[in-house]
Amino acid sequence: MYARSLRQRFAMSTAVLVNRVLQESLLSLSGAARLFPPLRQHAAVRASTIWRWVREGVMTPNGRVKLEAVRCGHAWMTSREAVARFIEAQNQSAGHAVPVANVADANGDREAAAVAVLIGM
């Protein structure tokens with residue numbers, strides 16, 4: 001009984017995911033990789049990285065966030081909108097993140113205060 005209800009819930013969530021992704025701008029995993037700028041050491045993001053985000057997700061302070069994707073034949077597909085939701089979910093879970101400009105201003109203010117103390121102002 002429990003296993004059947006679990007399968008039904010999984011099937012419903014899969015159906016919702018499939019309908020959502022198929023109504024959006026479909027991309028192959030390599031196409032999704034091209035949406036990202038080069039990251040580490042100016043190396044392009046690869047389709048294997050996108051596959052890892054689909055399969056394992058990315059760890060955030062509030063748990064794992066996975067990229068939504070559906071299987072179509074032998075290929076996996078995602079969408080521009082799913083990539084946007086994936087990025088948004090990572091940034092929402094950070095929650096306490098401070099914009100970079102504020103951090104730079106705070107550091108600059110501290111440095112200015114330290115210089116003022118040193119020169120006796």
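Residues numbered from 1 in each chain as written. Predicted model: local features only at pLDDT ≥ 70, side-chain atom pairs only at ≥ 80, totals over all residues. Heavy atoms only, no water.

Peer 1: Any chance you could explain the sheet that holds strand S4 (residues 70-72) here in plain terms?
Peer 2: Within a sheet, each strand pairs with its neighbour through backbone hydrogen bonds, oriented either parallel or antiparallel. Strand order in the open sheet formed by three strands is S1-S5-S4, and the pairing between neighbours is antiparallel. With one partner strand each, in any of the chains shown, strand S1 (26-28) and S4 form the two edges of the open sheet. When strand polarity is set aside, the average angle formed by the axes of neighbouring strands in this sheet is 45 degrees. Taken together, the three bridges between S4 and strand S5 (residues 75-79) define a ladder with antiparallel strand orientation. Following the sheet pairing, Arg-71 is matched in S5 by Trp-76. (Pairing = 2+ DSSP bridges. Helix = DSSP H or I, 4+ residues; strand = E, 2+ residues; numbered from the N terminus. Axes fitted to C-alpha atoms, helices over the stretch in contact; angles between N-to-C directions.)

Peer 1: Sorry, what's going on with the pattern of salt bridges here?
Peer 2: Note that side chains of opposite charge can pair when their charged atoms are close. For the coordinates displayed, the defined rule picks out three salt bridges. Among the salt bridges present, the one from Glu-24 reaches Arg-85, with a minimum N-O distance of 2.8 Å. Taken together, the positions of Glu-24 in the loop between helix H1 (2-22) and S1 and Arg-85 in helix H4 (residues 80-94) put the pair 61 residues apart, joining distant regions of the chain. In this structure Arg-85 comes out as partly exposed when scored by relative accessible area, which is 26%. Residues Glu-68 and Arg-85 are paired through a salt bridge, measuring 2.5 Å at the closest nitrogen-oxygen approach. (Salt bridge = Lys/Arg side-chain N within 4 Å of Asp/Glu carboxyl O. Buried < 20%, exposed > 50% of the residue type's maximum accessible area, 1.4 Å probe, protein only.)

Peer 1: I would appreciate a short explanation of the layout of surface pockets in the present structure.
Peer 2: A water-sized probe rolled over the atoms picks out the places where empty space is left. One number sums up the size of the largest pocket: a volume of about 240 Å³. Considering the residues around the largest pocket, the lining is formed by Leu-39, Arg-40, Ala-43, Ala-44, Val-45, Arg-46, Thr-49, Arg-52 and Trp-53. For the lining of the largest pocket, the per-class residue count stands at five nonpolar, one polar and three charged. (1 Å grid on protein atoms, 1.4 Å probe; cavity = no way out; pocket = protein on both sides within 12 Å on 5 of 7 lines; lining within 4 Å. Points joined across faces, edges and corners; volume = space filled by probe spheres on them. Nonpolar A, V, L, I, M, F, W, Y, C, P; charged D, E, K, R; others polar.)

Peer 1: Hey, could you run me through the nonpolar core in this one?
Peer 2: Most often, soluble globular proteins keep nonpolar side chains buried together rather than apart. Ranked by size, the top nonpolar core spans 15 residues in total, and within it Phe-36, Ile-50, Trp-53 and Leu-67 carry the most contacts. Elements that contribute at least two residues to this core include exactly helix H2 (29-33), helix H3 (47-55) and H4. Excluding its chain neighbours within four sequence positions, the residues that come into contact with Ile-50 are Leu-29, Ala-32, Ala-33, Phe-36, Val-45 and Leu-67. (Core = buried A, V, L, I, M, F, W, Y, C linked by side-chain atoms within 4.5 Å. Contact = heavy atoms within 4.5 Å.)

Peer 1: What is the right way to read the environment of Arg-46 from this model?
Peer 2: Mapped onto the fold, Arg-46 is located in the loop between H2 and H3. The spatial distance from the C-alpha of Arg-46 to the C-alpha of Ala-33 is 5.6 Å, given a sequence separation of 13 residues.

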